[in-house]
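Okay, here's what each chain looks like letter by letter:
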Amino acid sequence: MKRGNDFVVGLVVIGSVVAIVLFALWLSQASLGSKQRNVVARFTDVGNAKVGNSVVIRGVQAGRIQSIELEPTGWVLVKMSLDPDIKLPSNPVVVLSESSMFGEWQATIMERAAAPDDADVQQQLAQSGAVGRGSALPGARLPDIAQLTAVAGRIAGDMSRVADRFQVAFDDRAANELRQSIRNFADLSAELERTVRTQSQGLSQLSSDVHKTVGTINATAVAVQRTADRVDSSTSKGQIHQIMDNVGQASDDIKATSHDLRNASHSLMATQQQLTSVLTHADSVLGKIDRGQGSLGLMVNDPTLYQNGDALLSQMRELVAEIRAHPRQYLSVKIF
Amino acid sequence: MNVIEATGRWVRFRVEEAGRAGRFLEEAALAFGSVRSWLPNATLQMRRLGVDSLPIGLLIAVFTGIVLALLASYSFTGAVPLYFVGTLVEKTITLELAPVLTGLALAGRVGANIAAELGTMRVTEQVDALETLAYDPDSYLVVPRVVAGTIMFPLIVGVAMIVGLGAGWLASIGLLHLSSDEFLKGARMFFSTFDVEYGLVKAGSFGFAVTLIGCYKGLRARGGAEGVGNAATQAVVYSAVMILVLDAFWAMTWLHGRS
């Protein structure tokens, strides 16, 4: 019985111990017996990276973090075990970052040129690369979610304060005033648009006029130029003096003509006065005639005289005819 | 006046109890040195306390793993990726539930068994007979049980961890339609060998406490069958309380502050 107990207990103990050890190794993905390549990286800060976290190259898991040690100098050395067949980049750096939003970290081995273009990361890489060059890969740590959320929280707080202040300043009255200001601004904008359009048209017209004026000025300038050329030409041939002499002679002629005209004018004035007097008399005569004064007035205004005259003429015509017909009856010419 | 006397009696009783427990612990520690006395009986106790307790420990682990997987799925749906079911099952089983639930179950089975057995020996004066025959009861009765409990509890708990995680794995595949790779990804994501070490050490302390309390209460049994019954009851209650106290102790001293 005792030996049976010993066997059973021994079996259970050995089996349990082996099972537990294998269970832990299997879950931790430890590789027993296979050779591993160790790579060390130096960091100023490793964030929340832990022993056992994944090491990734080009997005593929290539190993695990084996140890994290704090050096007396203040640097943190992270030792990583990698598959020996994996080839590292030519200028490798190690960047620690969160692999998920739930706090798991990973170490990514990448080309120096492919490192995030962040000033802090670049500074960390430069600092860690400068210390003990060649002994450990340069390392940097990206900010974790907590830091990002802290920054986001600060920004949200600032925005909240700004929003509060804005809310205080922006009450209903301010909103109405702002609305009115917007309307006024819209009206002003429309008015400005109209003004600009009008001014634009005026400017176009002015521009056209100016263009025409410039053309005219150009033509005038050409004419002036021509005239100047002629003057120059005339001056050069002595024709100007002749012209001036002719002009002086013409001026004398004009002066004489003016004198004659002045005399003629005086004569005309006298003639006018005489004509006026004649017309006055004529008017007086015509007035008398019209009023029936005098013989002519009576002749004009009294038909009897006309009739008498007409009758007389008829009688005289008859008498003449009678005389012509019987001259001896009326005429007796005696010579002695 | 009666109140003051009652208070005085209660304090004196507690101090005497603590003193007796301290003396018992000292005698057991001294008896640990006589290996020839306790080693022949250790295998038998390991069989009775450990190997024979495996079924109950594994049964608890199976159901714990299944329930944890379903519980995690219920809690995570829509908020957290489902592969975190593996993370939660692994962490909870190894760090807490396997040691504590198995410890509580064994406290009932082992603690009561030891207290009843030793209590019966006490009230039937078998312990006195051993003393008369110059056998040290501590090295002959106590140390083999304490050693067996301290060794076998972690082994039972370790196997319970494996079985619990396996049950959770199978439940995730069969009931939650989670792929095996996803579950393992979650289980391995935050796994650390420390989780297993912590659970096993905690289980060892539970085994030590449960067996020691069972022995103490059994050897302190008085008054026949009723005294044996009381001893068994007290052993279970004190063991359960001590498991929870130790659980908090390890969490505060070893887990807390560890990153």
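Residues numbered from 1 in each chain as written. Chains lettered and ligands numbered in written order. Predicted model: local features only at pLDDT ≥ 70, side-chain atom pairs only at ≥ 80, totals over all residues. Heavy atoms only, no water.

A. Looking closely at the packing of helix α4 (residues 84-123) of chain B against helix α7 (residues 180-189) of chain B. Residue and element names in this part refer to chain B. It is the contact of α4 with α7, at a shortest axis distance of 6 Å, that shows an interaxial angle of 50°. When the interaxial angle is binned, α4 and α7 end up oblique. Read as a crossing pair, α4 and α7 show a hand that is right-handed. Taken together, the residues of α7 that come into contact with α4 (itself represented by Phe84, Val85, Gly86, Thr87, Val89 and Glu90) are Phe183, Gly186, Ala187 and Met189. Residue composition of the contact of α4 with α7, by class: 6 nonpolar, 3 polar and 1 charged. (Axes fitted to C-alpha atoms, helices over the stretch in contact; angles between N-to-C directions. Helix = DSSP H or I, 4+ residues; strand = E, 2+ residues; numbered from the N terminus. Parallel < 35°, antiparallel > 145°, perpendicular 65-115°, else oblique. Left-handed = near helix turned anticlockwise from the far one by under 90°. Contact = heavy atoms within 4.5 Å. Nonpolar A, V, L, I, M, F, W, Y, C, P; charged D, E, K, R; others polar.)

B. Structural context of the nonpolar core. Val85, Val89 and Val142 of chain B are the most contacted members of the largest nonpolar core, which has 68 residues in total. When residues of this core are assigned to their parent elements, the largest contribution, 14 residues, is made by helix α6 (residues 137-174) of chain B. Setting aside chain neighbours within four positions, we find Val85 of chain B in contact with Ala69, Ala72, Ser73, Phe76, Ser172, Leu176, Leu178 and Phe183 of chain B. Membership of the second largest hydrophobic core comes to 20 residues, among which are Ala41, Ala49, Leu96 and Leu137 of chain A. (Core = buried A, V, L, I, M, F, W, Y, C linked by side-chain atoms within 4.5 Å. Buried < 20%, exposed > 50% of the residue type's maximum accessible area, 1.4 Å probe, protein only.)

C. Layout of the packing of aromatic side chains. The tally for this structure, following the rule as stated, stands at 12 aromatic pairs over all chains. Seen in terms of ring centroids, Phe194 of chain B and Trp254 of chain B are 5.3 Å apart; in terms of plane orientation they differ by 85°. Their pairing is edge-to-face. Of this pair, Phe194 of chain B sits in helix α8 (residues 193-219) while Trp254 of chain B is found in helix α9 (residues 224-255), placing the two residues 60 residues apart along the sequence. An aromatic cluster is present here, built from Phe194, Tyr198, Phe249, Trp250 and Trp254 of chain B joined pairwise through their rings. Over the face of the ring belonging to Tyr83 of chain B we find Lys185 of chain B, whose NZ or CZ atom lies 4.1 Å from the ring centre. Cation over ring: Arg188 of chain B sits above Trp26 of chain A, and NZ or CZ is 4.8 Å from the ring centre. (Phe/Tyr/Trp six-rings, centres within 6.5 Å; stacked < 30°, edge-to-face > 60°. Lys NZ or Arg CZ within 6 Å of the ring centre and 35° of its normal.)

D. Just the pattern of salt bridges, in detail. Under the definition given, this model contains 17 salt bridges over all chains. Measuring nitrogen to oxygen at the nearest pair gives 2.3 Å for the salt bridge that ties Arg161 of chain A to Asp158 of chain A. Of this pair, Arg161 of chain A and Asp158 of chain A both sit in helix α3 (residues 145-169), 3 residues apart, which is roughly one turn of the helix. Its relative accessible area of 45% is what places Arg161 of chain A among the partly exposed residues. On the basis of relative accessibility, which here comes to 39%, the residue Asp158 of chain A falls in the partly exposed class. Taken together, the shared-partner salt bridges connect Arg12, Glu16, Glu17, Arg20 and Lys217 of chain B into one network. (Salt bridge = Lys/Arg side-chain N within 4 Å of Asp/Glu carboxyl O.)

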